[in-house]
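A look at the structure
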Amino acid sequence: MTPGRRLLRVASLGAALVAWQLLTSLDVELWLRFGQFPTVAEVAAKLAERASTGPYWQDLLSSLGRIVSGFALAAVLGVAVGTAIARSRVAADVLGPVLEVLRPIPAIALVPVAILLFPSNEQGIVFITCTAAFFPVLVSTRHAVAALSPVWEEAVLTMGGGRGRILLSVVLPGALPGIFGGLSVGIGVGWICVISAEMISGEYGVGYRTWQDYTVVDYPGVFVGMATIGALGWLTSTAVERLGRRLTHWLPTRTERPSAGPPAGHSRQPADAQRPASPAGV
């Protein structure tokens with residue numbers, strides 16, 4: 001990213017904070033009641049106060065541990081099940097109908113099930129988080145694997161490769177861009193559900209603390225919780241996206257993509273030269 005783009009992003013965030021400070025400090029009442037909101041200065045003071053105490057960091061680490069555990073399980077299960085459904089008719093017939101019935105159910109609606117099913121709230125929250133992130137990963141993986149061209153698979157078979165070689169050299173590398181698209185969506189949905197589950201049945205965590213602040217009408221504390229959730233979500237989603245770019249470095253970047261047509265005075269490349277590169281160098 002260029003320095004100019006970084007500066008623009010920082011300026012955008014700064015402008016939003018300035019607008020928030022002005023609207024709340026001036027008690028603007030234009031249908032939306034900004035006068036009821038704490039100012040940026042009040043939230044910053046509350047954040048500094050909370051950050052100097054142990055419970056704030058305990059809540060932060062609890063929420064982070066839950067999202068990492070649930071998301072890691074969802075990533076492994078989603079990729080495995082999505083690949084199986086896309087490549088096996090038996091798996092599609094056996095697992096597909098059950099998963100399609102379960103997919104529209106909001107993960108947060110499974111809180112009563114988690115309370116009955118698991119012996120501790122911690123395990124139940126991880127289960128809800130995993131369920132929330134699982135389906136975006138499953139769907140994206142299924143579509144990415146199903147959309148792969150059979151040309152590279154046939155090339156591996158021609159060279160004597162088996163199913164394991166096809167899976168590791170063609171299917172998974174070729175589907176990685178789509179898989180990481182699902183992972184990016186899944187991490188965001190997972191955060192929504194882990195915070196909601198903490199508000200309902202948690203004992204620690206950012207969501208639990210934010211709800212407690214709301215019940216005692218500590219609105220600066222509520223906004224501290226919201227800011228903490230936003231920062232954690234941004235950091236984790238950025239980590240997923242950067243990992244995806246690192247693992248799919250063989251993809252052409254925007255600057256490497258060919259232009260709409262050849263330069264004047266040059267003939268078109270032959271068909272063989274225009275074929276895309278194999279995801280694993282097959």
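The N-to-C vectors of helix α2 (residues 40-51) and helix α10 (residues 219-247) enclose an angle of 75°; their axes lie 9 Å apart at closest approach. On the basis of the axis angle, α2 is roughly perpendicular to α10. On the side of α2, the interface is formed by Glu42, Val43, Lys46, Leu47 and Arg50, while α10 contributes Pro220, Gly221, Phe223 and Val224.

Attention now moves to the packing of helix α3 (residues 54-87) against helix α6 (residues 121-146). Taken N-terminus to C-terminus, the directions of α3 and α6 make an angle of 35°; their axes are 6 Å apart at the nearest point. α3 and α6 meet at a crossing whose hand is right-handed. Here the contact of α3 with α6 is composed, by residue class, of 19 nonpolar, 7 polar and 4 charged.

This next bit is on the packing of aromatic side chains. On inspection of all chains with the given rule, the structure shows 7 aromatic pairs. Each ring, one from Phe118 and one from Phe127, has its centre 5.1 Å from the other, and the planes form 45°; the classification is tilted. Judged by its relative accessible area of 24%, Phe127 falls in the partly exposed class. Between the aromatic rings of Phe134 and Phe135, the centroid separation amounts to 5.0 Å while the plane-to-plane angle is 75°, which identifies the pairing as edge-to-face. What makes Phe134 buried here is its relative accessible area of 12%. Members of the aromatic cluster, each reached through a chain of ring pairs, are Trp20, Phe34, Phe37 and Phe223.

The next point concerns a nonpolar patch on the surface. Nonpolar side chains collect at one region of the surface, where Met199, Ile200, Trp211, Tyr214, Val217 and Tyr219 lie side by side and expose about 590 Å² of accessible area between them. Only α8 (163-201) and α9 (206-215) provide two or more residues apiece to the nonpolar patch. Looking at the element boundaries, Tyr214 is found in helix α9.

Bringing helix α4 (residues 89-102) into the picture now. Here α4 contains 14 residues, and its C-alpha end-to-end distance of 20 Å stays within 8% of the 20 Å for a straight helix at 1.5 Å per residue. Helix geometry: α4 is bent most strongly at Leu95, by close to 40°, with proline Pro97 lying one to four residues after it. Taken together, the buried positions of α4 are Ala91, Gly96 and Leu99. For α4, the side-chain oxygen to backbone nitrogen distance between the N-cap and Val90 is 3.4 Å, and the N-cap itself is Ser88.

Attention now moves to the side chain of Arg66. In this fold, Arg66 is placed in helix α3. Under the relative-accessibility criterion, Arg66 is labelled buried at 3%. In terms of polar contacts, Arg66 uses its side chain to reach the side chain of Glu122, at 2.8 Å. Excluding residues within four positions of it along the chain, Arg66 makes contact with Glu122, Ile125, Val126, Thr129, Val194, Glu198, Tyr204 and Gly205.

Quick look at unusual backbone geometry now. Even without being glycine, Asp27 reaches a positive phi, approximately 55°. For Asp27, the location among the structural elements is in the loop between α1 (3-25) and β1 (29-30). Residue Asp27 is classed as partly exposed on the basis of its relative accessible area of 47%. Even without a glycine there, the phi angle at Val217 is positive, about 60°. Inspection of the secondary structure assignment puts Val217 in the loop between α9 and α10.

Rules used in this analysis
Residues numbered from 1 in each chain as written. Predicted model: local features only at pLDDT ≥ 70, side-chain atom pairs only at ≥ 80, totals over all residues. Heavy atoms only, no water. Axes fitted to C-alpha atoms, helices over the stretch in contact; angles between N-to-C directions. Helix = DSSP H or I, 4+ residues; strand = E, 2+ residues; numbered from the N terminus. Parallel < 35°, antiparallel > 145°, perpendicular 65-115°, else oblique. Contact = heavy atoms within 4.5 Å. Left-handed = near helix turned anticlockwise from the far one by under 90°. Nonpolar A, V, L, I, M, F, W, Y, C, P; charged D, E, K, R; others polar. Phe/Tyr/Trp six-rings, centres within 6.5 Å; stacked < 30°, edge-to-face > 60°. Buried < 20%, exposed > 50% of the residue type's maximum accessible area, 1.4 Å probe, protein only. Patch = residues over 30% accessible without salt bridge, like charges linked within 9 Å, V, L, I, M, F, W, Y side chains within 5 Å. Areas by Shrake-Rupley, 256 points an atom, 1.4 Å probe, with all protein chains shown as cover. Salt bridge = Lys/Arg side-chain N within 4 Å of Asp/Glu carboxyl O. Expected span 1.5 Å × (residues − 1). Bend = angle between axes of the 7 residues up to and from the residue. Polar contact = N/O pair within 3.5 Å; in protein donor to acceptor, adjacent residues only side chain to side chain.

It is worth stressing that arrangement in space is one thing and function is another; only the former is reported here.
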